[in-house]
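# Coordinates in review
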Amino acid sequence: MTDAAVRVTQSAVEQFSKRFLQSVGCTFEENDEHIVISVPEGTDIGLSHGDHRLTRGESQNTGEQIKSVHPESEFFQQLLQDASERYPVGAMSIQHNSAVEVPAWIESSLFELQEARFTPYYNRTAVVFLFKISVETVSEYQQEFLRAVAVDKRSTDPIPQLAETFLEATSITTDTLSDHDVQSQLTEKDVQSLLSTAQTQLLDAMDDQIEEIHQEASRAADSEVEEYRRMQQQRIEELQEESAELSSRIDDLSEKINTGEGAERVQALKKRQELKTEHDELAETLTELQERRDRGFPDRQREIRERHSLTVTTTPLTLTVVEYERGEADFELTDQQRQTTRSLRVGYGSGVGVIDDAHCSVCESQLTGANPISHIEPEFQCQQCARK
């Protein structure tokens, strides 16, 4: 199953950056290594007037005139924040005007695809949310991710393929809808419901990645707890040595008191009392430390683990209403060896591709790129059951 949350790719970041900068009056030239942006006077986008070089991907050589452009770069985050404030709500319409997307279970088969036709029946509405996900601890771990989630308005099912199409929006023809059209299609209640659904799908899709960060933070906490235990055990051993040394000195003074006379004996008594007081205080400290050790230093453990606990924040940056066509696609396949041709019909959507899972007619296993069609006569049969 494809994750509902779709990663924002480097290509999408570059396309978005160029589209947004053009929309505010900037011009650009580009080559394989970088993009040169010319910012006119009076443009309020956080860049000074003049030329700026945008380097692709991560770069150490950044500064006032050189910016790094990638999904987690500070410059791109600033652009995204600016864009979300200017254009928090948008709309687009995806019409089928390109070749039908062929599913992997056909592409990986040995059959020749004679024709692929899409017949649209009706329009559907989906909403694409662009989220910023911040995962951080009080101490040192902080990571930010960008993910797009597309949700069908009627069924609330995730449509990850549509989110991918949205992120690569420069490759399709779009018809911008008016604000009135947006408001007429979505009520405030619709938005809240779809947003809640999208956030749930987002966190479910990112569960493994968040758990990986959590495990990393837990290992750091375990290491810090163990280091604290080691230091406290070392302190206990030092106190035990000091206690033994004080006991030995007290014993020596007791012997001197028993054999001494006059002022010497009085001085020894005074010194022994001082050492006994010091020994009692040390013993109290040692006992308290040993008891804390035996309980596992609970207060310190709690403080350390609280610092390493994760806080996950999902922030919706933009909402885009997407109209797309749904219908059926017919794939005509030919078995050249047997000189037979059959057609297969599946649910299909513009900007989405094949909507429904396809299954083997014999064993009902799902057809995938790893388990493609193996026979088309007398029934559509998968590779998995054909080998049995």
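The structure presented is a predicted model; accordingly, all values stated were derived computationally and were not measured.

### Remarks on the overall build of the protein
- For the protein, the count of helices and strands is ten helices and 13 strands.
- Considering the protein as a whole, with its 388 residues, one finds that 41% of them fall into the buried category.
- Surface summary for the protein: the accessible area is close to 22100 Å², and the carbon and sulfur share equals 43%.

### Section: the side chain of Arg272
- If you trace the backbone, Arg272 turns up in helix H8 (residues 262-294).
- One buried charged residue, Arg272, remains without a salt bridge, the closest side chain of opposite sign being Asp251 at 8.0 Å.
- The residues contacting Arg272, other than those within four sequence positions of it, are Ile250, Leu253, Ser254 and Ile257.

### So, the confidence of the model for the protein
- On average, residues of the protein score 82 in pLDDT, and 90% of them are at 70 or above.
- Residue range residues 170-177 is modelled with pLDDT below 50. Its contacts to residues more than four positions away, or to other chains, number 17 contacts.

### Re the nonpolar core
- Within the largest apolar cluster, 36 residues are counted, with the highest numbers of intra-cluster contacts made by Ile45 and Leu162.
- Going through the elements one at a time, helix H1 (10-23), strand E3 (34-39), helix H2 (74-86), strand E6 (89-94), strand E7 (112-136), strand E8 (142-152), helix H4 (160-167) and strand E9 (311-335) are the ones with two or more residues in this core.
- If you look at the next biggest cluster of nonpolar residues, it comprises 20 residues, including Val100, Leu333, Val346 and Ile376.

### Concerning the pattern of salt bridges
- On inspection of all chains with the given rule, the structure shows 16 salt bridges.
- Among the salt bridges present, the one from Arg345 reaches Asp330, with a minimum N-O distance of 2.7 Å. Here Arg345 is found in strand E10 (residues 340-349), whereas its partner Asp330 is found in strand E9, with 15 residues between them in sequence.
- Overall, the relative accessible area of 52% leaves Arg345 in the exposed class.
- In this structure Asp330 comes out as buried when scored by relative accessible area, which is 8%.

### What to know about a negative patch on the surface
- Where like charges cluster on the molecular surface, the negative patch consists of Asp204, Asp207, Asp208, Glu211, Glu212 and Glu216.
- Ranked by residue count, the leading element in the negative patch is helix H7 (residues 207-259), at five residues.
- Among the secondary structure elements, Glu211 is positioned in helix H7.
- Since its relative accessible area comes to 37%, Glu211 is described here as partly exposed.

### Quick notes on the side chain of Ser134
- In this structure, Ser134 sits in strand E7.
- When its relative accessible area of 9% is taken as the criterion, Ser134 is described as buried.
- With residues near it in sequence (within four places) discarded, Ser134 still touches Gln143, Glu144, Thr311, Val312 and Thr313.

### A word on unusual backbone geometry
- Cis peptide bonds are those with omega within 30 degrees of zero, and the linkage from Glu377 to Pro378 qualifies with -5°.
- Phi angles above zero are rare outside glycine, and Thr156 is one such case at about 60°.

### Observations regarding the packing of aromatic side chains
- Taken as a whole and judged by the stated rule, the model has three aromatic pairs.
- Measuring from centroid to centroid gives 4.9 Å for Phe118 and Tyr348, while their planes differ by 50°, and the two rings are tilted. With Phe118 in strand E7 and Tyr348 in strand E10, this residue pair connects regions lying 230 residues apart in the sequence.
- On the accessibility criterion, Phe118 (10% relative accessible area) is buried.
- Residue classification places Tyr348 among the buried residues on the basis of a relative accessible area of 3%.

Conventions adopted
Residues numbered from 1 in each chain as written. Predicted model: local features only at pLDDT ≥ 70, side-chain atom pairs only at ≥ 80, totals over all residues. Heavy atoms only, no water. Helix = DSSP H or I, 4+ residues; strand = E, 2+ residues; numbered from the N terminus. Buried < 20%, exposed > 50% of the residue type's maximum accessible area, 1.4 Å probe, protein only. Areas by Shrake-Rupley, 256 points an atom, 1.4 Å probe, with all protein chains shown as cover. Lys, Arg positive; Asp, Glu negative; His and termini not counted. Salt bridge = Lys/Arg side-chain N within 4 Å of Asp/Glu carboxyl O. Contact = heavy atoms within 4.5 Å. pLDDT = per-residue confidence, 0-100. Core = buried A, V, L, I, M, F, W, Y, C linked by side-chain atoms within 4.5 Å. Patch = residues over 30% accessible without salt bridge, like charges linked within 9 Å, V, L, I, M, F, W, Y side chains within 5 Å. Charge placed at Lys NZ, Arg CZ, Asp CG, Glu CD. Phe/Tyr/Trp six-rings, centres within 6.5 Å; stacked < 30°, edge-to-face > 60°.

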